[in-house]
Amino acid sequence: VDNSGNSCVQDLQELDTRLDRDLLIRLYRGMVKLDQIDTVLYNAQRQGRISFYITSHGEEATHFGPAAALEADDMVFCQYREAGVLIWRGFTIDNMLNQCFGNRKDLGKGRQMPIHYGSRDLNCVTIKSTLTSEMVHSVGSAYALKRQQKGRCVLSYFGDGAASEGDAHAALNFAATLDTPIIFYCRNNGYAISTPTTEQYRGDGIAARGPALGIPTIRIDGNDIVANFVAVAEGRRISIEENRPVLIEAMTYRVSHHSTSDDSSVYRSVDEVKKWQKNNHPINRLRKLLEKRDWFSETEEDQYKQEVRKEVLAAVVRAEKVLKPSLKTITAIWPHT
């Protein structure tokens with residue numbers, strides 16, 4: 001799907017029978033929901049109501065496209081900017097708000113920074129701040145799934161900056177030599193916090209590393225949600241049927257600051273950000289496709305945005321009223337010695 005909402009394949013179900021009107025509308029609503037959640041919680045952090053936040057503006061397609069292509073029992077290891085995967089699987093707005101406020105209803109009992117979501121029931125491993133460590137762990141998980149022989153795989157997210165860490169190279173090599181059913185998904189959004197890709201590596205991006213290790217590899221337009229869906233669906237088939245890893249490099253762009261601790265105007269121009277937001281935003285692209293097919297209207301979009309915003313604001317009020325976890329929830333895990 002291009003920036004104008006046109007597709008090189010008129011009937012998307014020729015690519016995958018699941019790509020019907022209902023799925024595309026659900027994908028669109030998911031991206032809009034995440035956008036509204038991000039806007040409210042970013043402002044909440046600026047007001048001092050939560051300590052930290054990371055938005056996903058401009059990268060929403062890299063969440064929902066892959067999530068929709070997986071099965072519910074596939075394991076997902078997120079890096080930190082993939083909240084949409086949990087939303088797709090049923091993680092509620094209250095779940096997200098309780099975690100960000102670190103209250104007693106937080107599934108992690110307040111032990112993690114905000115946006116470090118996780119859910120055992122949804123097969124999403126809790127997000128870690130230690131960059132790239134989840135890649136090595138995900139390979140071990142994939143090897144365990146291979147031994148179980150139940151037709152499950154692992155999706156392991158990482159960024160272009162994380163790809164420069166030693167753990168990334170170790171994870172890719174172990175996955176290749178152990179023939180594990182895992183999809184490595186690189187979100188190449190142009191910047192590792194403040195370091196542009198031109199200063200991170202020489203050579204042709206991350207995808208070039210796959211063939212050197214014998215890993216089937218593809219580079220996709222990360223802002224095209226259909227391309228995301230199809231690539232991960234095919235990657236899942238290969239990883240399970242052939243018991244081997246797959247590498248996907250999704251070329252996208254981080255419209256937002258890296259986090260609330262970052263000011264991206266220091267290392268890139270405001271005009272650059274505006275250009276990407278206007279011309280290549282995944283939400284706009286999918287909306288244009290839906291409008292061209294008379295599957296969704298501007299009125300429906302405005303109404304849905306208002307509904308979600310009200311829901312998020314109400315959840316903020318609820319989360320703020322819940323007490324913080326007791327210190328006993330920490331000592332129960334790490335007893336005094």
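Here the structure is shown first, and the text comes after it.
These figures come from a predicted structure and were not determined experimentally.

The rules behind each value
- Residues numbered from 1 in each chain as written.
- Predicted model: local features only at pLDDT ≥ 70, side-chain atom pairs only at ≥ 80, totals over all residues.
- Heavy atoms only, no water.
- Core = buried A, V, L, I, M, F, W, Y, C linked by side-chain atoms within 4.5 Å.
- Buried < 20%, exposed > 50% of the residue type's maximum accessible area, 1.4 Å probe, protein only.
- Helix = DSSP H or I, 4+ residues; strand = E, 2+ residues; numbered from the N terminus.
- Axes fitted to C-alpha atoms, helices over the stretch in contact; angles between N-to-C directions.
- Left-handed = near helix turned anticlockwise from the far one by under 90°.
- Contact = heavy atoms within 4.5 Å.
- Nonpolar A, V, L, I, M, F, W, Y, C, P; charged D, E, K, R; others polar.
- Pairing = 2+ DSSP bridges.
- Salt bridge = Lys/Arg side-chain N within 4 Å of Asp/Glu carboxyl O.
- Right-handed = clockwise from strand over helix to strand, strands pointing away.
- Patch = residues over 30% accessible without salt bridge, like charges linked within 9 Å, V, L, I, M, F, W, Y side chains within 5 Å.
- Areas by Shrake-Rupley, 256 points an atom, 1.4 Å probe, with all protein chains shown as cover.

S.K.: Is there a simple way to explain the nonpolar core in this structure?
M.R.: Soluble globular proteins: nonpolar side chains tend toward being buried together. Ranked by internal contacts, the top residues of the largest apolar core, which has 70 residues, are Leu24, Leu27, Tyr117 and Leu286. Ranked by residues supplied to this core, first place goes to helix H1 (residues 21–46) with twelve residues.

S.K.: Please clarify how the packing of H1 against helix H2 (residues 61–69) should be interpreted in this entry.
M.R.: The axes of two packed helices give the description: the angle between them and the distance between them. For the pair H1 and H2, the least separation of the axes is 10 Å and the interaxial angle reads 140°. With respect to the hand of their crossing, H1 and H2 are arranged in right-handed fashion. Mapping the contact onto sequence places Leu23, Leu27, Gly30, Met31 and Leu34 in H1 and Ala61, His63, Phe64, Gly65 and Ala68 in H2. Residues of the contact of H1 with H2, tallied by class, amount to seven nonpolar, three polar and no charged.

S.K.: Quick question: what am I supposed to make of the sheet that holds strand E8 (residues 246–251) here?
M.R.: Two modes of strand pairing occur in sheets, parallel and antiparallel, and in both the strands are linked by backbone hydrogen bonds. In spatial order, the strands read E2-E1-E3-E4-E8-E7; together these six strands make up an open sheet with parallel pairing. In this open sheet, the two strands that pair with only one neighbour each are strand E2 (124–125) and strand E7 (217–221). In this sheet, strand E4 (residues 182–188) lies alongside strand E3 (residues 154–159) in parallel orientation, the contact comprising six bridges. Across the sheet, the residue bridging to Gly159 is Arg187, located in E4.

S.K.: Looking at this structure, how should I read unusual backbone geometry?
M.R.: A positive phi angle is found at Ile115, which is not glycine, with a value near 70°. Residue placement: Ile115 occurs in the loop between helix H4 (93–101) and E2. Since its relative accessible area comes to 2%, Ile115 is described here as buried. Backbone geometry places Asn123, a non-glycine residue, at a positive phi of 60°. On the secondary structure map, Asn123 appears in the loop between H4 and E2.

S.K.: How should the pattern of salt bridges be read in this particular structure?
M.R.: A side chain with one charge may pair with a side chain of the opposite charge, provided their charged atoms come close. Scanning the entire structure with this criterion turns up 18 salt bridges. Across the pair Glu291 and Arg287 runs a salt bridge whose closest N-O atoms are separated by 3.7 Å. Taken together, the residues span about one helical turn, with Glu291 and Arg287 both in helix H11 (residues 282–292) at a distance of four residues. Salt bridges linked by common partners bring Glu59, Arg81, Glu82 and Arg187 together as one network.

S.K.: Looking at this model, I keep getting lost on H4. Mind explaining?
M.R.: For H4, the buried fraction is high: seven of the nine residues fall into the buried class. Regarding H4, the residues found buried are Ile93, Met96, Leu97, Asn98, Gln99, Cys100 and Phe101. In the core, the buried residues of H4 are packed alongside H1, helix H3 (83–89) and helix H12 (298–321). Gly102 sits one or two residues past H4 and shows a positive phi near 60°.

S.K.: How should the pairing of E7 be read in this particular structure?
M.R.: Remember that side chains alternate between the two faces of the sheet whenever the strand is regular. Where E7 and E8 come together, five bridges link them in parallel fashion. Within the sheet, the bridge partner assigned to Ile218 lies in E8 and is Ile248. With helix H9 (residues 225–241) bridging E7 and the parallel E8, this β-α-β connection has right-handed handedness.

S.K.: Would you explain a nonpolar patch on the surface in this entry?
M.R.: Together, Tyr143, Phe174 and Leu178 make up an exposed nonpolar region whose accessible area comes to about 260 Å². With respect to the helices and strands, the residue Phe174 is situated in helix H6 (residues 166–178).

These results come straight from atomic positions and should not be treated as a statement about function.
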